[in-house]
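Examination of the molecular architecture
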Amino acid sequence: MRQRRTWPVHAALTAVSAVMLLPFYWVLKTSISGENIFAYPPSIVPHGANPFYYIDVWYAIPFARYFANSVVVSAITIAANVVLNAMAGYALTQRFRGKKLVLLLFLSCMMIPFQATIIPAYLITGRLGLLDSYLGLSLPLFSTSICIFVYKASFDAVPRSLIDAARVDGLSQWTIIWRVMIPLARSATATNVILSFIWSWNNFMWPLIVTRSPDMQTLPLGLARFLSYQEDSTGALYAFCIMVLAPGLLLFLMAQKEFVQGLAAGATKG
Amino acid sequence: MSARSRTSRLRWLRNRFVIVPLLLAVVIGGWNVWVATHDHGIVTGRVIDADGTPVADANVRLWVFNFTTFVEKMAVTTDTEGRFRFTGNPSHNIQISADKAGVGRSERIAVRLYFAAEDRELAEPLRLDKPS
Amino acid sequence: MRVSGLALRKSTRRAILIWAFLAPSLLIFLLYRILPLAWNVVLSFQAWSPMKPAVFIGLDNYQEMLFDDDVFWQALWNTFGIIASAPIGIAIALGLALLVDSNIRGRDVYRTIIFLSYPLMTVAVAIIWRWMFDERVGLINYVARAAHLVDKPIPFLNSFTWALPSVIAANIWQMLGFYMVIILSGLQTIPGNLYEAAGIDGANAFHRFIRITVPLLRPSLFLCFVIGMLNSVTSFDLVYVMTGGGPGRATEILVTYIYKLGFNQTRFDYAAAVTVTFFILLLGITFLANRLSGGNAGAVERD
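Position numbers for residues count from 1 along each chain, tracking the sequence in the order it is written. Chain A is the first chain written and ligand 1 is the first ligand written, with later ones labelled in order. Selection of residues for local features in this predicted model requires a pLDDT of at least 70, selection of side-chain atom pairs for listing and counting requires 80 or more, and totals for whole chains, interfaces and linings are taken over all residues.

**Topic: the overall build of chain A**
The condition that has to hold: Counting from the N terminus, the helices are DSSP H or I runs at least four residues long and the strands are E runs at least two residues long.
A count of helices and strands for chain A gives 14 helices and 0 strands. Beginning at the N terminus, the succession of helices and strands in chain A can be written as α-α-α-α-α-α-α-α-α-α-α-α-α-α. By its C-alpha atoms, chain A is 75 × 65 × 30 Å across when sized along the principal axes.

This is the structure:
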């Protein structure tokens, strides 16, 4: 390859990066601004930066409660996803009667977006008596076709000879699953954790429908509710917005590689 | 990928996922300790007249932000050196004003606290330079 | 005999184990995918509300939807608009992927920045963009006014012309990084010697792009389109928070309309009819996209 000048590439990518980052900056700037946020022209850098919008919002809403609700719902969803999908994924690597049918079922379920089923899903959850509960909030996300196939692909990739060798060594089926298959499917587990975290953590529509009491609101719901009763009248909304984004952002920056791989794997295998 | 690079990648993972939450926990814990030891709701300050001499027996009012407006929460009077001291301020967003018949009244100044009921000594005295 | 009996018992035990492993997932799918879909279909032929017993009314709901409901048509066209915007995002992402794929310093940083917005909470993203599009002090209006592109600030989210494009722009902004990552992984599967061979044959960069890159990327592009479409069409949070479907019904999409029908007007039966239509629409488009890219995608994999 011949050497080319790289500055045009850098210039273009810097411009795009600016477009991607400026919205965050604009909200961050507003949230720490010490002056009237509706003054025109808006200042580019915050003058008299202070954290008072954050303090206001902390006392205006039960942020810790929302956060805890989100954490509980996500934790339940992640745990259920890893266990159920690993089980189903493992079962699908085996030979059994009706496998084609099950595969077809899982594949076709992938084509049903959850948003297209909300009304009966709401009615079903109501019949189960799970409205306004942690279980009701997380139950629809307990198992997803994409994650099952991610596990299946990962289990399929375990060399047959390895399993046979383990069996010859006298290991039981359970020990093989636990000691051989699961450790080798670590990246599938990472994908499962990340996908189910993103889905449950960011989920808005389902909590909006299922949640009744203010005590059960998750972070996205709390944020949207705050917007609807504050109607942009205060910079506290933007402080809240940043507070809501911060945990997800932190996690993403800590586990970037896993996030990118997980999301790509979820898409390509799905 | 060699076994070595795999373990080194895992060590990198473990470091991040342990150190960052630990750091956060330490910061949050430290902040909570600080809050717990500084939340007596004591607000102190001084009242002076237009010439800068301390005013005794001035009425000092504490206004607390409530939904959309500030409402008067409590009132105290200054001692002979013009000092006042509120105890039990519950809020994080307050205003303070002072007045004395025959001397004048002060601006209502806003005081932002970093947490509810933070102990605070006002750096600037309240100046009774407005006609009452 | 004994041996085969033992073997049989063993195989039954295995089958039981397999089905036991599958059962929880199957139950969830039955409960929250299959059953709702079936219930939707049944409900769409009925007049029903939580207080009244169901009455079969045939196609009445569909008739009302297709012939008497302007809001439905508005929502349908808006949904199509959002679907049609997916290729724009994909095209931009393709350009970005090519730039990031070149061997420059800091490419990982660029990639992270571009990908950053995708995994974040859409509700927060919607609030960010509300603020960006703000009439008085939004960054976009400020820049436009400072550059003298407009005399008066544009009330983006309150204008019938601008509301939908604004929502679409925010949606593309959020999806961009995702498209880019998918295309990047597609680019990495293209063998480098193909380019070298083309270079020897004297093909210029543009030809190489058209003849090699685009055809070989077709599966990735298709994947982007399907996922992007599903994601944008169901981006309830973005529309709900940014505009709430307004002004008027200018940004109403089918998902928000279904939500409003069901939970604001308690017309579950009619909402079910709209849902069934929405679902058929999604299936149709996916099938079409699959058809359009299918032949070539298969050919590439066989090579």
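Here the narrative resumes, following the displayed structure.
**Regarding the overall build of chain C**
Rule in force here: Radius of gyration here uses only the C-alpha atoms, and the compact-globule reference equals 2.2 Å multiplied by the residue count raised to the power 0.38. Any residue with 12 or fewer other C-beta atoms within 10 Å of its own C-beta is exposed, any with 20 or more is buried, and the rest are partly exposed; the C-beta atoms used are placed from the backbone. Remark: residues whose backbone-derived C-beta atoms lie within 7 Å of one another are considered to be in contact.
The number of helices and strands found in chain C is 12 helices and 2 strands. A compact globule built from 303 residues would reach a C-alpha radius of gyration of about 19 Å, whereas chain C, at 25 Å, exceeds it by more than 25%. The burial tally for chain C puts 43% of its 303 residues in the buried class. Of all intrachain contacts in chain C linking residues separated by at least 6 positions in sequence, the fraction that spans at least 24 positions is 72%.

**Examining the interface of chain A and chain B**
To keep it simple, the criterion reads: Only Asp, Glu, Lys and Arg are considered charged in this grouping, and only Ala, Val, Leu, Ile, Met, Phe, Trp, Tyr, Cys and Pro are considered nonpolar; every other residue, Gly among them, is considered polar.
Contacts between the two partners involve 5 residues from chain A, matched on the other side by 9 residues from chain B. With 4 residues, the top contributor of residues to the side of chain A that touches chain B is helix 2 (residues 52-60) of chain A. Here the residues of the side of chain A that touches chain B sort into 4 nonpolar, no polar and 1 charged.

**Observations regarding the arrangement of the chains**
The chain pair with the greatest number of contacts, out of 2 pairs of chains in contact, is formed by chains A and C. The two partners chain B and chain C share no contact, and the minimum distance between any of their C-alpha atoms is 17 Å.

**Remarks on the interface of chain C and chain A**
Counting residues at the interface gives 66 residues for chain C and 70 residues for chain A. At 16 residues, the largest contribution of residues to the side of chain C that touches chain A is made by helix 1 (residues 2-44) of chain C. Looking at side-chain class alone, the side of chain C that touches chain A contains 52 nonpolar, 11 polar and 3 charged residues.

**Focus: the nonpolar core**
Generally speaking, a soluble globular protein has its nonpolar side chains buried in company with each other. The test is simple: By definition, a nonpolar core groups buried Ala, Val, Leu, Ile, Met, Phe, Trp, Tyr and Cys residues that are joined through C-beta atoms within 7 Å.
Formed by 163 residues in total, the largest nonpolar core has its most connected members in C241 of chain A together with A124, M180 and V274 of chain C. If one sorts the elements of this core by residue count, helix 7 (residues 163-188) of chain C sits on top with 16 residues. Other than its neighbours up to four places away in sequence, C241 of chain A contacts V27 and L223 of chain A together with A124, I127 and I128 of chain C.

**A closer look at the domain arrangement of chain C**
All names here are of chain C. Rules: Domain borders in the structure are assigned automatically or taken from a domain database.
Segmenting chain C into domains produces domain 1 (2-44) and domain 2 (60-302). Of note, the centres of domain 1 and domain 2, computed from C-alpha atoms alone, are 37 Å apart. With 4 residues of domain 1 at the interface, the matching set in domain 2 holds 7 residues. Residues of the side of domain 1 that touches domain 2, tallied by class, amount to 2 nonpolar, 2 polar and no charged.

**Some remarks on helix 8 (residues 160-168) of chain A**
Of all the 9 residues making up helix 8 of chain A, 0 are buried; the element is thus mostly uncovered. In the segment just after helix 8 of chain A, G170 of chain A is the residue with positive phi, at about 90°.

**Concerning the pairing of strand 3 (residues 69-77) of chain B**
Residue and element names in this part refer to chain B. The condition is simple: Paired strands, in this sense, are two strands between which DSSP finds at least two bridges.
In this sheet, strand 3 lies alongside strand 2 (residues 59-66) in antiparallel orientation, the contact comprising 8 bridges. Opposite F65, over in strand 3, you have F70 as the bridge partner. Between the end of strand 2 and the start of strand 3, which pair antiparallel, lie 2 residues, with F67 showing a positive phi angle near 60°.

**A closer look at the pairing of strand 2 (residues 52-56) of chain C**
Residue and element names in this part refer to chain C. Within strand 2, only 0 of the 5 residues are buried, which leaves it mostly out in the open. Here strand 1 (residues 46-49) pairs with strand 2 via 3 bridges, running antiparallel. Bridge assignment links Q46 to a residue of strand 2, and that residue is F56. Hairpin connection between strand 1 and strand 2: a loop of 2 residues separates the two successive antiparallel strands.

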